[in-house]
Structure formats: C-alpha cells, structure tokens
Amino acid sequence: MFTTIELFAGAGGLALGLEKAGFDTLGLIEFNKDACDSLKINRPNWNVICDDIANISCLDLEGLFGIKKGELDLLSGGAPCQAFSYAGKRLGLEDARGTLFYHYAVFLQKLQPKMFLFENVRGLLTHDGGKTYKTIIEIFEKAGYEIQKEVLNAWNYGVAQKRERLITIGIRRDLKNTIHFEFPEAHDYKPVLKDILENVPKSIGVPYGENKKKIFDLVPPGGYWKDIDPEIAKMYMKSCWDMEGGRTGILRKMSMEEPSLTVLTSPSQKQTERCHPLESRPFTVRENARCQSFPDEWEFCGSVMSQYKQVGNAVPVNLAYEVAKKIYEALENKK
C-alpha cells in the first residue's frame, strides 16, 4: 500500500478518492475546524492535524509523520490561489513566501515524495497573467520534479457536474525513467442529475424566500430569466438587467437531463443560481454532496452554511479517485 500526506484537506473529497484507490493516508492538515471535525467523525483512524499549515511546515516533518526523506509515495492537496510578490529576481521559493502555496512547496522540498498531486481551479493558469502558475512550476522544477498538467472536467469521470480542475502531477527527477504516469481517459457515459437525485437522504438546506420562490415557479427546468415575463425578470434582476453579457446564471433552474453546473459554496448567489430542477428551492447539502459524488454516509459537521461551504470547496470524489488510481498504477508499475 502506498502512502500519502494531504495538505489543505477540506472535508475529504480528495482524501476519499485517494483512499478508494488504495492509498494509506499518514496525515491530513486542515485549518477549518468544521472540516477537521468532518474528517474525524468519518475516519476516526485518520491522523487529522487541525492547525495553520504555517505552524506545521516549519517542524521536523520526517519525525512528525515517521518517515524518512524520499520515502513518502505521494504529497497531495491544493493551496488556494494567491498572487506572489515578485522580487525581480528568479528566487523561486522565496517568491512564494507569504502565500499558502509556499508551505506546500516546503513540504515538497523537505519530504521529497516520489510523486505529488497539486490540484487547483482552472483559473490558476491565467492568474496574474499566467505569472502565478509559471512561478509555481519553476518552484516544482527547482525542487527536483518533472511536471505534467491537464485540465480535467469532473463530468467526464462519473460526476454529474460540470467542474473543471487543473491537475498538476510531479514525478521526482531521479525516478522519471521508472515511473510513467498517464492522465485518466474520459468515461463513455457522462451522468446527469436524474442519475443522482433519486432517493437522496433528507438533510438540511436553506429555502428561498416566498417572493423568490414564486418567481422561480415560473422558470421551466433548464431555463433562466429569459424564459419568464420580461417585466417580472426586470423587477427581480434590478441593476443586473442593464449589465452586458448573457447573465445565464440569473434565475437559473437546473434540468434533470443535464449535469449540475459547478457546485458553489453557498446555496444561493444571485448571478450564479442553481435551483433544483423539480422544486423551487436550492439543492440541500446532501444533494450538493451527491453532485460532488460524496457517498451518502459521509457526514459534514458545523452550521448549514459551513456544510455548504465544505461541500462546495471539495474535489469531486470520483474525479479524485480516477486521478489517484492512475498515480497508484504508476507507482505500482515502477520499473
């Protein structure tokens, strides 16, 4: 069984995918208490460290996790996207100081795992004119890794949701001729909401107000503001009515025949709404969890808004599994 340590673990979407692929999790680091509680209640045997990563990366990591430098099979996680302060010189890791990514890079340098998985939003590619990701790649390469990257849409991997993630894989340079990694191929069948919204366990959620519910009653499944009386739409949209662009997220009702749009961190945001296909209400926490391919038995802790946020921030479990399976195969077939 191959080992992994995960940083910025959240509520466990990536960790679940890795576990399903066969990885043994030596530790998960997460700052948010509710997310930590979610990890602990579902997997009491996992070593969950609930702390600021800045307090951990400076420690003796080999001693903390009981491994020697170079022994760890995989470092995984994805730091939130932050701009770097450029010193004008290509200082590598020093350019990232003060960002959360810096601590991911410190873990990488100190532990020198055989491979790493760094996942992030697609927007990281163009963040700060592409400079942020360029610097990240340079830091990875200076740490001694060969890099492969791909933008994967979760919908292609057994997830009933259109959600793109930038997946960056690193192989330690001394192993580049012995470890061969390939990104997973897209599935033939891509699930839609009717595949996952049957028999969803009851769970907490946040309803629309009465007036908003009445307006959503007028929107057909798969429709949005253009599908109702323009006077009612104008009254609802207020200043958004005069904005340019399609504004297709406003008064948006999902369709059972399509996947969900990207699951968000709150139940209702005016310009990016995700109304239930058959009822005029947001998805419940459990329905969002289904869209993220979490198993029904996976519990989330904290307030209703905290649970929505944990689910919305997660890596879809099935996407994580497909990538993790390929990493496991690459390590297993090591020459």
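These figures come from a predicted structure and were not determined experimentally.

Enquirer: I tried to follow the overall build of the chain on my own but got confused; where do I start?
Expert: Broken down by element type, the chain carries twelve helices and seven strands. The C-alpha atoms of the chain give a radius of gyration of 21 Å, which matches the 20 Å a tight globule of 335 residues would have. Counting only C-alpha atoms, the chain reaches 65 × 45 × 40 Å along its principal axes. Out of the 335 residues in the chain, the part that is buried amounts to 55%. Restricting to contacts in the chain with at least 6 residues of sequence separation, those with at least 24 account for 68%. Looking at the chain as shown, the accessible area adds up to about 15,200 Å², and 49% of this sits on carbon and sulfur atoms. Computing the positive centroid from 44 side-chain charges and the negative centroid from 45, the chain places the two 3 Å apart.

Enquirer: How do you make sense of the sheet that holds strand β2 (residues 24-30) when you look at a structure like this?
Expert: Hydrogen bonds between backbone groups are what pair the strands of a sheet, and the pairing can be parallel or antiparallel. Taken in spatial order, the seven strands of this open sheet run β3-β2-β1-β4-β5-β7-β6, and their pairing is mixed. The sheet is open, and its two edges are formed by β3 (48-50) and β6 (145-153), each paired on a single side. The mean angle between the axes of side-by-side strands here comes to 15 degrees, regardless of whether they run parallel or antiparallel. As defined by bridge partners, β6 adjoins strand β7 (residues 164-172) across nine bridges and the pair is classed as antiparallel. The residue of β7 that forms the bridge with Leu152 is Arg165.

Enquirer: Can you help me understand the packing of aromatic side chains in this one?
Expert: Remark: the centre distance and the inter-plane angle together describe each pair of aromatic rings, the angle taken between the planes. One pass over the structure, following the stated rule, counts 20 aromatic pairs. Ring centres of Phe101 and Tyr104 lie 6.4 Å apart, and the angle between their planes is 15 degrees; on these two criteria the pair is classed as stacked. Taken as a pair, Phe101 and Tyr104 lie in helix α5 (residues 100-111) at a separation of three residues, close to a single helical turn. Phe101 gets classed as buried once you look at its relative accessible area, which sits at 3%. A residue is classified by how much of its surface remains accessible, and Tyr104, at 0% relative accessible area, is buried. An angle of 80 degrees between the planes, with centres 6.3 Å apart, marks the rings of Tyr104 and Phe116 as edge-to-face. You can see Tyr104 sitting in helix α5 and its partner Phe116 sitting in strand β5 (residues 115-121), a full twelve residues away along the chain. Taken together through their ring pairs, the aromatic side chains of Phe101, Tyr104, Phe116, Phe118, Phe140 and Tyr145 make up a single cluster.

Enquirer: Teacher, can you tell me more about the environment of Val159 here?
Expert: Within the secondary structure, Val159 sits in the loop between β6 and β7. Residue Val159 is classed as buried on the basis of its relative accessible area, which comes to 0%. Separated by 135 residues in the primary sequence, Val159 and Phe294 have C-alpha atoms spaced 9.8 Å apart. Once residues lying within four places of it in the same chain are set aside, the contact partners of Val159 are Ala154, Pro191, Cys291, Ser293, Pro316, Asn318 and Leu319.

Enquirer: How do you make sense of the side chain of Lys253 when you look at a structure like this?
Expert: Summarising the element assignment, Lys253 is placed in the loop between α9 (230-237) and α10 (285-291). Despite its burial, Lys253 remains without a salt bridge, the nearest opposite charge being carried by Asp217 at 5.4 Å. At 3.0 Å, the side chain of Lys253 and the backbone oxygen of Val219 are in polar contact. The contact partners of Lys253, leaving out residues within four places of it in the chain, are Phe216, Val219, Pro220, Pro221, Gly222, Gly223, Cys275, His276, Pro277 and Ser280.

The rules we used
- Residues numbered from 1 in each chain as written.
- Predicted model: local features only at pLDDT ≥ 70, side-chain atom pairs only at ≥ 80, totals over all residues.
- Heavy atoms only, no water.
- Helix = DSSP H or I, 4+ residues; strand = E, 2+ residues; numbered from the N terminus.
- Rg over C-alpha atoms; globule rule 2.2 N^0.38 Å.
- Buried < 20%, exposed > 50% of the residue type's maximum accessible area, 1.4 Å probe, protein only.
- Contact = heavy atoms within 4.5 Å.
- Areas by Shrake-Rupley, 256 points an atom, 1.4 Å probe, with all protein chains shown as cover.
- Lys, Arg positive; Asp, Glu negative; His and termini not counted.
- Charge placed at Lys NZ, Arg CZ, Asp CG, Glu CD.
- Pairing = 2+ DSSP bridges.
- Axes fitted to C-alpha atoms, helices over the stretch in contact; angles between N-to-C directions.
- Phe/Tyr/Trp six-rings, centres within 6.5 Å; stacked < 30°, edge-to-face > 60°.
- Salt bridge = Lys/Arg side-chain N within 4 Å of Asp/Glu carboxyl O.
- Polar contact = N/O pair within 3.5 Å; in protein donor to acceptor, adjacent residues only side chain to side chain.

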